[in-house]
Amino acid sequence: MTRSLPLDGVRVLELGNYIAAPTAGRLLADFGAEVIKVERPETGDELRNWRLYAGTTSMLFRTINRNKKSLVLDLKTEEGRRDVVTLAAECDIVLENFRPGTLEKWGIGPDVLTAANPNLIITRISAFGQTGPMASRPGFAAVAEAFGGLRELVGDPDRPPVRTGVSIGDSIAGLYAAFGAMMALFQRENRRGEKIPLTDRTIDVALNEAIFSMMESLVPDYLAYGIQRERVGGRMEGIAPSNAYTCADGTSVVVAGNSDAIFQRYMHAIERPDLATDPDLASNDGRWRRRDELDTAIGAFTARHPREMVLKILDQAGVPSGPIFTAADIASDEQYAARNMIQHLPVDTGETEPKQVGFPGIVPVIGGASLPIRSVGPDLGEHTDEIRLRYLDWSTS
């Protein structure tokens, strides 16, 4: 029996490239929305060539654009723009991440699209948002991560700021875009029969604001106390002990033993009862002041044992800990497997036969395990004929 997905019947037109808008489209597609991804002729989305080690389409593109349909249209032509308007009339949501003003310049801005579909939800992602003095400036996630405050806090205090190893700014913006689109869809359904203004149906996601929203009390701490947070490496400002430690076999673990009750068990587990009963370490403030001493003691313990032994000792003591996994670790881990979080599908990798490649499962889980991935990211223009037959040729005949 085929399982009904929560977004069955929702149709999305994705005009975005790279990662941000396509991430939003992936989230909607994962749960059943029909997502029509528009790509430029010949080259398609540039993500097809990012981290391309073999074949014609990267695993990055396959991952972020799974469960979608690829339609080739040239938005710089009158025909392509006309097709976009026709498709928008058949869709519930339009996703786009061009520089503000680009759709308007092409004559397919929100006013035009909503004239064709008065109930259309328009979700826009850009570097700095659709308004404000920086709205027209270009910018990728790296710039947004710096502007949003994240980059200043990542890395060691004696070295320049670094970035995370993934496009976290784009991904967070994509999450917000999908969330915003669903809010607007819920509002539309909840107020069925009412005319909802375009302003209420337009979701405006800025990359820098998506990052800034994740910065916890960064600005309130500064305005309230004059505190300028700084890079602290593998630690978290004001929280101790919580860090990564190297084990005897050269692998590493992360241990978060920073609550008052856990800390005492933690110190006994590493054979330092003197630290467990030290009154200066009874609260987090005192532990933070002596964080270097604590990390030295913990590091000495982990250096004496291989990773599995370290984790076993800490687990028995009820101390939150875990291994720092590589891709190989994740691919063979039983917890990921139990929840269907690595799903194998046949993919063209440039070899003579398709290869079974594991892809990340669908999050969040419904029904105890990840929903199945229906298809990996499509080949360029794979669904052009189907979409033209269903929506374009029929509507213009």
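Structure: see above.
Keep in mind the model is a prediction, meaning the values are calculated, not measured.

Student: Looking at this structure, I do not really get the packing of helix H1 (residues 20-30) against helix H7 (residues 168-190). What am I missing?
Tutor: Between two packed helices, the angle of one axis relative to the other and the distance separating the axes together describe the packing. As a packed pair, H1 and H7 sit with axes 7 Å apart at the nearest point and diverge in direction by 50°. By the angle between their directions, the pair H1 and H7 is classed as oblique. Note that H1 runs across H7; the crossing there is right-handed. Residues Ala20, Thr23, Ala24, Leu27 and Leu28 of H1 lie in contact with H7, whose contacting residues are Asp170, Ser171, Gly174, Leu175, Ala177, Ala178 and Met182. Of the residues that constitute the contact of H1 with H7, the class distribution is eight nonpolar, three polar and one charged.

Student: I tried to follow the sheet that holds strand S8 (residues 252-256) on my own but got confused; where do I start?
Tutor: An order of S7-S8-S9 is seen for the three strands of this open sheet, with the pairing classed as antiparallel. The open sheet has two edge strands, strand S7 (242-246) and strand S9 (321-323), and neither has a second partner. Strand after strand, the sheet turns through a mean of 20° between neighbouring axes, direction not considered. Strand direction decides the pairing type here: S8 and S9, joined by three bridges, are antiparallel. In the sheet register, valine 255 faces S9, and the bridge partner there is serine 321. Docked against the sheet, helix H14 (residues 291-302) engages S7 and S8, running at close to 35° with respect to S7.

Student: Help me out: how do you make sense of the packing of helix H11 (residues 260-269) against H14 in this one?
Tutor: Packing of H11 against H14 brings their axes to within 10 Å, and their N-to-C directions diverge by 45°. By the angle class used here, H11 and H14 are oblique. Contacts between H11 and H14 involve Phe263, Tyr266, Met267 and Ala269 on the former and, on the latter, Leu294, Ile298 and Phe301.

Student: How should I be thinking about unusual backbone geometry in this particular structure?
Tutor: Backbone geometry follows two general trends: most residues other than glycine have a negative phi, and most peptide bonds adopt the trans configuration. In this chain, alanine 240 is followed by proline 241 through a cis amide linkage whose omega measures -5°. Inspection of the secondary structure assignment puts proline 241 in the loop between helix H10 (218-225) and S7. Residue proline 364 is bonded to the preceding valine 363 through a cis peptide linkage, with omega at 0°. With respect to the secondary-structure elements, proline 364 resides in the loop between strand S11 (355-360) and helix H18 (384-396). Positive phi values are uncommon outside glycine, yet arginine 51 reaches one of about 55°. Position of arginine 51 among the secondary structure elements: in the loop between strand S2 (34-39) and helix H2 (59-64). Note on arginine 51: relative accessible area 48%, which makes it partly exposed. The residue asparagine 67 is not glycine, and still its phi comes out positive at about 65°. Its location among the elements puts asparagine 67 in the loop between H2 and strand S3 (69-72).

Criteria and cut-off values
- Along each chain, the written sequence defines residue order, and numbers are assigned to residues from 1.
- Selection of residues for local features in this predicted model requires a pLDDT of at least 70, selection of side-chain atom pairs for listing and counting requires 80 or more, and totals for whole chains, interfaces and linings are taken over all residues.
- Side-chain metrics rest on all non-hydrogen atoms present in the structure, leaving aside hydrogens and water.
- Working convention: axes come from line fits to C-alpha atoms, limited for helices to the stretch in contact. Angles between N-to-C directions cover 0 to 180 degrees.
- A run of H or I in DSSP becomes a helix once it reaches four residues, and a run of E becomes a strand once it reaches two; helices and strands are each numbered from the N terminus.
- In this scheme, roughly parallel covers angles under 35 degrees and roughly antiparallel covers those over 145, while 65 to 115 is roughly perpendicular and the rest are oblique.
- Helix crossings fall into two classes, left-handed where the near helix is turned counterclockwise from the far one by less than a right angle and right-handed where it is turned clockwise.
- Contacts between residues were defined by any pair of non-hydrogen atoms, one from each residue, lying within 4.5 Å.
- Ten residues, namely Ala, Val, Leu, Ile, Met, Phe, Trp, Tyr, Cys and Pro, are considered nonpolar, four, namely Asp, Glu, Lys and Arg, are considered charged, and the remaining ones, Gly among them, are considered polar.
- One requirement defines pairing of two strands: DSSP has to find at least two bridges between them.
- Burial classes follow relative accessibility: with a 1.4 Å probe on protein chains only, a residue under 20% of its type's maximum area counts as buried, one over 50% as exposed, and anything between as partly exposed.

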